[in-house]
Number of protein chains: 2
Amino acid sequence: MVRSSNERSRRRRDAQRDLILRAAARLFRDRGVADTGMREIAAAADLSPANLYYYFKGKDEILFYCQDRALDSMLAAVAGAKRGRGSVAARLDGVLRTHVSTLLGEVDGASAHLLVDALPPPLRVRIVAKRDRYERAVRGLVAAGVRSGEFATASPALVTRAMLGALNMTVLWFRPDGAASATDVGRELAQYLVRGLHIHSAA
Amino acid sequence: MVRSSNERSRRRRDAQRDLILRAAARLFRDRGVADTGMREIAAAADLSPANLYYYFKGKDEILFYCQDRALDSMLAAVAGAKRGRGSVAARLDGVLRTHVSTLLGEVDGASAHLLVDALPPPLRVRIVAKRDRYERAVRGLVAAGVRSGEFATASPALVTRAMLGALNMTVLWFRPDGAASATDVGRELAQYLVRGLHIHSAA
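This one's a predicted model, so the numbers in the text were calculated from it and none came from an experiment. (Residues numbered from 1 in each chain as written. Chains lettered and ligands numbered in written order. Predicted model: local features only at pLDDT ≥ 70, side-chain atom pairs only at ≥ 80, totals over all residues. Heavy atoms only, no water.)

(A) Seen up close, the overall build of chain A. In terms of regular secondary structure, chain A is built from nine helices and zero strands. In chain A, the order of α-helices and β-strands from amino to carboxyl end is α-α-α-α-α-α-α-α-α. With respect to the principal axes defined by its C-alpha atoms, chain A has extents near 65 × 40 × 35 Å. Counting across all 203 residues of chain A, residues that qualify as buried make up 46%. In chain A, 71% of the contacts between residues at least 6 apart in sequence involve partners at least 24 apart. Charge centroids of chain A, computed over 32 positive and 21 negative side chains, lie 6 Å from each other. (Helix = DSSP H or I, 4+ residues; strand = E, 2+ residues; numbered from the N terminus. Buried < 20%, exposed > 50% of the residue type's maximum accessible area, 1.4 Å probe, protein only. Contact = heavy atoms within 4.5 Å. Lys, Arg positive; Asp, Glu negative; His and termini not counted. Charge placed at Lys NZ, Arg CZ, Asp CG, Glu CD.)

This is the structure:
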């Protein structure tokens, strides 16, 4: 009995944390990190400031978790693609689409992805290490495509950085109320960026 | 006689300004804009601070001219490509390579390109307008390739942003003492990014 009640309260706490992270990510994106305080985050999440501090020690921790969760989704996508079957192109395409939907979606509160410089050094180090892990995994997928003969590139490292750079920059211009949805943007960009890797005789 | 002496002194002043901009751009890149003051720029350019103020009113003006000159080079490249002959692919390839060499080269002092947010609003507005003009010109070239049947893309606007995003991000990771030169990086990225536009039957 005790255990199931603990379990319930843990789930309730997790759900509340999710809600806070989503609200905070929207504020970070719309007003900037510098102009967003714990007071505003509390109001957006319908909590008292004291209640907010029960969940998070401060703004830095919230920003950290926004980025950390986004990277977890991206890492899960690339791990799945590594184990997957089918062409490397199709699997890489899926990873790039997940990257965009994670960044631009409301759900994950990940639009803070580019704000790594706003973190204090100890937290920044952890995010940078996780990002490096993600970049290495994507580069591994590109290299696998080269080995299998699907892709042609002299430099998987350079091309991977170009891909991720192109995807990350969407955060700067994407508008949720614009003509193209996050899904449209992801599909179009993934297609373009995977195409550039293919062996083909150019016109 | 007076005119030619004026001419000489104007040229001398321009050369001195170039030298200052290059020195400042290196400092902005290596230490960050916030940690670079007029005193450091003067020392790096071998001038007294008072002498530096004869050329520029302050750090913001220097940062502005670094970015402005870079955009002038890029705009010149895309204007040349518009008038040029040969395939659109080859002309776009040249524009993208110039973009990278302008950003990463020591000569133009353009590594400050990503620092537009560090400018005060009146100067920022001018840089943003010039950037938009450049982006439109590149997009026009992509659209010309679609019209001519060389390129296939549903969205020249999106693909252009992806290309420029990938190129601009090089500033964040490129190291002049690394294995790949700025020219190598430009050639490799331009090839990859133009390839993705081509009509071809993917494997």
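(B) Seen up close, the packing of helix 5 (residues 88–104) of chain B against helix 7 (residues 156–168) of chain B. Residues and elements named next belong to chain B. Remark: helix 5 packs on helix 7, axes separated minimally by 10 Å, with the N-to-C direction vectors making an angle of 30°. One element, helix 5, and the other, helix 7, form an angle in the roughly parallel class. Crossing angle aside, the handedness with which helix 5 passes helix 7 is right-handed. For the pair formed by helix 5 and helix 7, the contact residues are Leu92, Leu96, His99, Val100 and Leu103 on the first element and Met163, Leu164, Leu167 and Asn168 on the second. Taken together, the residues of the contact of helix 5 with helix 7 break down into seven nonpolar, two polar and no charged. (Axes fitted to C-alpha atoms, helices over the stretch in contact; angles between N-to-C directions. Parallel < 35°, antiparallel > 145°, perpendicular 65-115°, else oblique. Left-handed = near helix turned anticlockwise from the far one by under 90°. Nonpolar A, V, L, I, M, F, W, Y, C, P; charged D, E, K, R; others polar.)

(C) Here's a closer look at the relation of the copies chain A and chain B. With an axial shift of 0.0 Å and an RMSD of 0.1 Å, the rotation relating chain A to chain B amounts to 180°. The operation mapping one copy onto its partner corresponds to a two-fold rotation axis. For chain A, the minimum C-alpha distance to the rotation axis belongs to Gly196 of chain A and amounts to 1.8 Å. (Least-squares fit on C-alpha atoms with pLDDT ≥ 70 in both.)

(D) Helix 5 of chain B, seen in detail. Residue and element names in this part refer to chain B. Between the first and last C-alpha of helix 5 there are 24 Å, a value that for 17 residues agrees with the 24 Å anticipated at 1.5 Å per step. Across the 17 residues of helix 5, 12 count as buried, placing the element largely inside the fold. For helix 5, the set of buried residues is Val88, Ala89, Arg91, Leu92, Asp93, Val95, Leu96, His99, Val100, Thr102, Leu103 and Leu104. The elements touched by buried residues of helix 5 are helix 4 (59–83), helix 6 (121–147), helix 7, helix 8 (170–173) and helix 9 (182–195). (Expected span 1.5 Å × (residues − 1).)

(E) Representation of the interface of chain A and chain B within the structure. With 26 residues of chain A at the contact, the number on the chain B side is 26 residues. Counting each side, the surface lost to burial between chain A and chain B is near 2,600 Å², with a carbon and sulfur contribution of 70%. Our enumeration of links across chain A and chain B arrives at zero salt bridges. Taken together, chain A and chain B are joined by six residue pairs in polar contact (both at pLDDT 80 or more). Elements supplying a minimum of two residues to the side of chain A that touches chain B: helix 7 (156–168) and helix 9 (182–195) of chain A. Class assignment for the residues of the side of chain A that touches chain B results in 16 nonpolar, seven polar and three charged. (Buried area = accessible area lost by both parts, 1.4 Å probe. Salt bridge = Lys/Arg side-chain N within 4 Å of Asp/Glu carboxyl O. Polar contact = N/O pair within 3.5 Å; in protein donor to acceptor, adjacent residues only side chain to side chain.)

(F) Representation of the packing of aromatic side chains within the structure. In this structure the tally under the stated criterion is six aromatic pairs over all chains. Ring centres of Phe64 of chain B and Tyr65 of chain B lie 5.2 Å apart, and the angle between their planes is 80°; this geometry places the pair in the edge-to-face category. The partly exposed category is assigned to Tyr65 of chain B, whose relative accessible area is 26%. Through successive ring pairs, a cluster of aromatic residues spans Phe56, Phe64 and Tyr65 of chain A. Over the aromatic face of Tyr65 of chain A sits the side chain of Arg17 of chain A, whose NZ or CZ is 5.0 Å from the ring centroid. (Phe/Tyr/Trp six-rings, centres within 6.5 Å; stacked < 30°, edge-to-face > 60°. Lys NZ or Arg CZ within 6 Å of the ring centre and 35° of its normal.)

(G) Expanded view of the environment of Leu71 of chain A. Here Leu71 of chain A lies in helix 4 (residues 59–83). Between the C-alpha atoms of Leu71 of chain A and Lys130 of chain A, which are 59 residues apart in sequence, the distance is 7.0 Å.

(H) Inspection of unusual backbone geometry at higher detail. Residues and elements named next belong to chain A. Non-glycine residue Asp46 carries a positive phi angle of around 65°. Its place among the elements puts Asp46 in the loop between helix 2 (38–44) and helix 3 (49–55). Owing to a relative accessible area of 74%, Asp46 belongs among the exposed residues under this scheme.

(I) Structural view of the packing of helix 4 of chain B against helix 5 of chain B. All names here are of chain B. Between helix 4 and helix 5, whose axes approach to 9 Å, the crossing angle comes to 170°. Here helix 4 lies roughly antiparallel to helix 5, going by the angle between them. In this structure, helix 4 contributes Ala70, Ser73, Met74, Ala77, Val78, Ala81 and Lys82 to the contact, and helix 5 contributes Arg91, Val95, Thr98, His99, Thr102 and Leu103. Among the residues making up the contact of helix 4 with helix 5, the classes are represented as seven nonpolar, four polar and two charged.

(J) Structural detail: the pattern of salt bridges. All names here are of chain A. The full count for this structure, using the stated rule, is 22 salt bridges over all chains. When the shortest N-O distance is used, the salt bridge between Asp184 and Arg187 registers 3.3 Å. In this pair, Asp184 and Arg187 both sit in helix 9, three residues apart, roughly one turn of the helix. A residue is classified by how much of its surface remains accessible, and Arg187, at 45% relative accessible area, is partly exposed.

(K) How the structure looks around the confidence of the model for chain A. For chain A, per-residue confidence averages 88 on the pLDDT scale, and 92% of positions sit at 70 or higher. For this predicted complex, the interface score ipTM comes out at 0.83, alongside a pTM of 0.85. (pLDDT = per-residue confidence, 0-100.)

(L) Layout of the side chain of Arg91 of chain A. Residue and element names in this part refer to chain A. Structurally, Arg91 can be placed in helix 5 (residues 88–104). One buried charged side chain, Arg91, makes no salt bridge at all; its nearest oppositely charged neighbour is Glu150, positioned 5.7 Å away. Once residues within four sequence positions are removed from consideration, Arg91 is found in contact with Ala81, Lys82, Gly84, Arg85, Gly86 and Leu141.

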